[in-house]
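# Examination of the molecular architecture
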Amino acid sequence: MADQFTIHEYKEIKFDRAMAIIGFPSVGLISSIAANFIVRSMKLEMIGTILSNDFPPYSIVHESRIYPPVRIYAGQRICDDNGERCDQLVVITSEFVPLPSLLRPLNTLILDWCRQRGISTIVSLEGMNAGDNPEKREVLGVATGERCHKMLETYGLKEMKEGMVSGFSGVLLYEADRQNWDAVCLLEPARVDYPDARGAARLMEYLAKMLPELKLDPDPLFKEAENIEKEMKTAMEAMRQPGKRSEESVLYG
């Protein structure tokens, strides 16, 4: 049930034609790394969090500030004739993988909140196991609705024709399709044995086509992605506890 979650807003913002990017951990941590990079690059403000007794008990500490496990950021965009037309950008991100039983109610909560706040498009970030040499594999896209199928074509993304999308993004896609949402999932091949900063950077190159104001320069992008990777890995190691029960939410790292 969605009522097992609460969205606490630090401040209420009125959105108009906003886009939401969602980055929960996936293969290689690339979705969380990319989401955090967007937050830093665009200097987005943390406006809310999602609370639940079923989330693992921890806080993130960064530059002496306390951050909850699931964070909602937002900020204004400066739109031009390039990229996606939206006036605000929202980023929802975390460093832990929710239990499978929480995925559908959590998606319901997020979709309901986005609808209430006037957010019209959702982009979910996901890593996929591509075996050896993932950098030689293509980024794939999955979309709901005619407009988002055209988005994939506009930004040169190869559309997945056959396959499976698992985890948070998999549930989001079928819920978005069922509720007639405009949603896109970007699937980046990634390494499974460690946080893949370069995979996250490759994913960001496609996001920069949608959000040109990111103004990505490859060298600083890789360096910043690697810094975020190190910080997240340190945070994950600090959160590990001996004797963690198998039924608890998974922490990547």
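Because the structure is predicted, anything quoted here is derived from the model rather than measured.

Another point: the sheet that holds strand β3 (residues 45–51). Read from one edge to the other, the open sheet built from nine strands follows the order β1-β3-β6-β7-β2-β9-β12-β10-β11, with strand pairing classed as mixed. In this open sheet, the two strands that pair with only one neighbour each are β1 (6–9) and β11 (158–159). Note that strand β10 (residues 140–144) and strand β12 (residues 182–190) share five bridges and pair antiparallel. By the bridge assignment, Val 142 is partnered in β12 with Cys 185. Strands β2 (18–23), β6 (70–76), β7 (88–94), β9 (119–129) and β12 of the sheet are contacted by helix α1 (residues 30–41), whose axis makes an angle of about 140° with β7. Across the face of the sheet, helix α4 (residues 167–178) comes into contact with β2, β9, β10 and β12 while running at roughly 145° to β9.

All right, on to the layout of surface pockets then. There is about 240 Å³ of room inside the second largest pocket. Along the walls of the second largest pocket sit 19 residues, with Ser 26, Glu 126, Gly 127, Ser 166 and Gly 167 positioned nearest its centre. Contributing elements (two or more residues each) for the lining of the second largest pocket: β9 and α4. Looking at the lining of the second largest pocket, the element that brings in the most residues is β9, giving four residues. By residue class, the composition of the lining of the second largest pocket is 13 nonpolar, five polar and one charged.

Along its 17 residues, helix α2 (residues 100–116) runs 25 Å from first to last C-alpha, staying within 8% of the 24 Å computed at 1.5 Å per residue. Gly 118 occupies a position one or two residues after α2 and carries a positive phi of about 75°.

This paragraph deals with the side chain of Arg 117. Note that Arg 117 resides in the loop between α2 and β9. Residue Arg 117 is classed as buried on the basis of its relative accessible area, which comes to 18%. Not counting the four nearest positions on each side in its chain, Arg 117 is found in contact with Glu 9, Ile 13 and Phe 15.

This brings us to unusual backbone geometry. The phi angle at Glu 63 is positive, at roughly 50°, despite the residue not being glycine. Residue position: Glu 63 is located in the loop between β4 (60–62) and β5 (65–67). For Ser 64, which is not glycine, the phi dihedral falls at a positive 70°. Structurally, Ser 64 can be placed in the loop between β4 and β5. Taking the relative accessible area as the measure of exposure, Ser 64 reaches 74% and is therefore exposed.

Moving on, we come to the packing of aromatic side chains. Overall, the coordinates contain five aromatic pairs when judged by the stated rule. A centroid spacing of 4.5 Å and a plane angle of 15° characterise the contact between Phe 24 and Phe 168, whose relative ring orientation is stacked. Remark: Phe 168 occurs in helix α4 and Phe 24 occurs in the loop between β2 and α1; sequence separation between them is 144 residues. Here Phe 24 matches Phe 168 in class, with each residue buried. Here the aromatic residues Phe 5, Phe 55, Tyr 58 and Phe 96 are joined through ring pairs into a cluster of three or more.

About the criteria used
- Residues numbered from 1 in each chain as written.
- Predicted model: local features only at pLDDT ≥ 70, side-chain atom pairs only at ≥ 80, totals over all residues.
- Heavy atoms only, no water.
- Pairing = 2+ DSSP bridges.
- Helix = DSSP H or I, 4+ residues; strand = E, 2+ residues; numbered from the N terminus.
- Contact = heavy atoms within 4.5 Å.
- Axes fitted to C-alpha atoms, helices over the stretch in contact; angles between N-to-C directions.
- 1 Å grid on protein atoms, 1.4 Å probe; cavity = no way out; pocket = protein on both sides within 12 Å on 5 of 7 lines; lining within 4 Å.
- Points joined across faces, edges and corners; volume = space filled by probe spheres on them.
- Nonpolar A, V, L, I, M, F, W, Y, C, P; charged D, E, K, R; others polar.
- Expected span 1.5 Å × (residues − 1).
- Buried < 20%, exposed > 50% of the residue type's maximum accessible area, 1.4 Å probe, protein only.
- Phe/Tyr/Trp six-rings, centres within 6.5 Å; stacked < 30°, edge-to-face > 60°.

Limitation: the analysis is restricted to geometry and does not speak to function.
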